[in-house]
Amino acid sequence: MSILTLRLPVVAVVPGTGLARVFTALGTGRVVTGGQSMNPSLQEIVDAAQALPGNAVILLPNNPNVQLVCQRAHEVLDKRVLVVPTATVVQGIAALLAGEFSEDVDELAAAMEAAAGRVRSIEVTVATRTVAIDGVQVTQGQNVALLDRRIVACESSLLAALQAALNAAGAP
C-alpha cells in the first residue's frame, strides 16, 4: 500500500487548506484547522479522533498552545490517546515521514516523536513592538529570527536575520 492511500490513526492540527492537503497526503487520518492564535476546541479534536477507526489515536498538535488541548483529549475520548508533542508544522511533517510505520500505535508514536525531535525550525518575522525577549533587544519593524520558537536575533535585513538563525542552529 502506498503512503498516499495509507490512513494512520493520527489527528493533526494544521493552519490552512494547503497544509491540510500535505498532511492528508502523508497519511493523516483527520485534520483539524488550527494553529497560532486560532486554537481548535477540545470538542473539534475529540470529534476528529472519534471519527477514526480503532481504539487508539495519535495527536499531532503542531503548536505549543494546542498541546494543552490535545493533552486533555484522553479525559473525554473512549480511545487511548498518545500526544506526539510537535511544536511546529515542520515537526509534524517530520513525524509523519518517520518511515517506521507500524501497526503498533506505541511504536508508531515513538518513531514519530523521535523524528519530530530531530527537527530544528527557523522562522523570520517582523517585530510588531519594541521589547527585550530572551536576552535579545527587539525593535518594532525589524526582522526577528526565531530558532525552535525562541528569539535569537533582531536584524535590519531579512538576510541578516536568517543568517543569525542559521548560525544559532549551528548550520554549516
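Residues numbered from 1 in each chain as written. Predicted model: local features only at pLDDT ≥ 70, side-chain atom pairs only at ≥ 80, totals over all residues. Heavy atoms only, no water.

Colleague: Residue-level account of the sheet that holds strand 4 (residues 80–83), with values.
Modeller: Read across the open sheet, the four strands follow the order 2-1-3-4; overall the sheet is parallel. Lying at the two open borders of the sheet, with one neighbouring strand each, are strand 2 (28–33) and strand 4. The sheet shows a mean angle of 25 degrees between the axes of neighbouring strands, taken without regard to direction. Sheet analysis places strand 1 (residues 8–14) next to strand 3 (residues 56–60), joined by three bridges and oriented parallel. (Pairing = 2+ DSSP bridges. Helix = DSSP H or I, 4+ residues; strand = E, 2+ residues; numbered from the N terminus. Axes fitted to C-alpha atoms, helices over the stretch in contact; angles between N-to-C directions.)

Colleague: How would you sum up a nonpolar patch on the surface? Please name residues and give values.
Modeller: On the surface, Ile-122, Leu-159 and Leu-162 cluster together to form a nonpolar patch covering roughly 260 Å² of accessible area. Looking at where Leu-162 falls in the secondary structure, it is placed in helix 6 (residues 158–168). Taking relative accessible area as the criterion, Leu-162 reaches 35% and is therefore assigned partly exposed. (Patch = residues over 30% accessible without salt bridge, like charges linked within 9 Å, V, L, I, M, F, W, Y side chains within 5 Å. Areas by Shrake-Rupley, 256 points an atom, 1.4 Å probe, with all protein chains shown as cover. Salt bridge = Lys/Arg side-chain N within 4 Å of Asp/Glu carboxyl O. Buried < 20%, exposed > 50% of the residue type's maximum accessible area, 1.4 Å probe, protein only.)

Colleague: Give me the lowdown on the environment of Val-57, citing residues and values where you can.
Modeller: Relative to the helices and strands, Val-57 resides in strand 3. On the basis of relative accessible area, Val-57 is assigned to the buried category, the value being 0%. Between the C-alpha atoms of Val-57 and Pro-85, which are 28 residues apart in sequence, the distance is 14 Å. If we ignore the near neighbours within four places in the chain, the residues touching Val-57 are Pro-9, Val-11, Ala-49, Leu-52, Leu-77, Arg-80, Val-81 and Leu-82. (Contact = heavy atoms within 4.5 Å.)

Colleague: Tell me about the nonpolar core, and name the residues and values.
Modeller: In terms of nonpolar packing, the biggest core is built from 20 residues, with Val-10, Phe-23, Ile-58, Leu-60, Val-84, Leu-96 and Met-112 touching the most fellow members. If you list the elements that add at least two residues to this core, you get strand 1, helix 1 (17–25), strand 3, helix 4 (89–96) and helix 5 (105–117). The greatest single-element share of this core, amounting to five residues, is contributed by helix 5. Leave out the neighbours within four places in its chain, and Met-112 touches Val-10, Ile-58, Leu-60, Val-84, Ala-95, Leu-96 and Ala-98. Among the nonpolar cores identified, the runner-up in size contains 17 residues, and Val-11, Val-57, Leu-59 and Val-66 belong to it. (Core = buried A, V, L, I, M, F, W, Y, C linked by side-chain atoms within 4.5 Å.)

Colleague: Which residues make up helix 5, and what values go with them?
Modeller: Taking 1.5 Å per residue, 13 residues should reach 18 Å; helix 5 reaches 18 Å between its end C-alpha atoms and fits that length. Taken together, the buried positions of helix 5 are Val-105, Leu-108, Ala-109, Ala-111, Met-112, Ala-115 and Ala-116. For helix 5, the buried positions fall inside an angular range of 165 degrees around the axis, keeping them on one side. Turning to helix 5, the residues buried within the fold contact strand 1, strand 3, strand 4 and helix 4. (Expected span 1.5 Å × (residues − 1). Arc of directions from axis to C-beta.)

Colleague: Got a sec to walk through unusual backbone geometry? Specific residues and values, please.
Modeller: Residues other than glycine seldom take positive phi values, yet Asn-62 does so here, at roughly 60 degrees. Among the structural elements, Asn-62 can be located in the loop between strand 3 and helix 3 (64–72). Judged by relative accessible area, Asn-62 falls into the buried class, the value being 5%. One non-glycine residue, Asp-134, adopts positive backbone phi at about 55 degrees. One can find Asp-134 in the loop between strand 6 (131–133) and strand 7 (136–138). The partly exposed category is assigned to Asp-134, whose relative accessible area is 39%.

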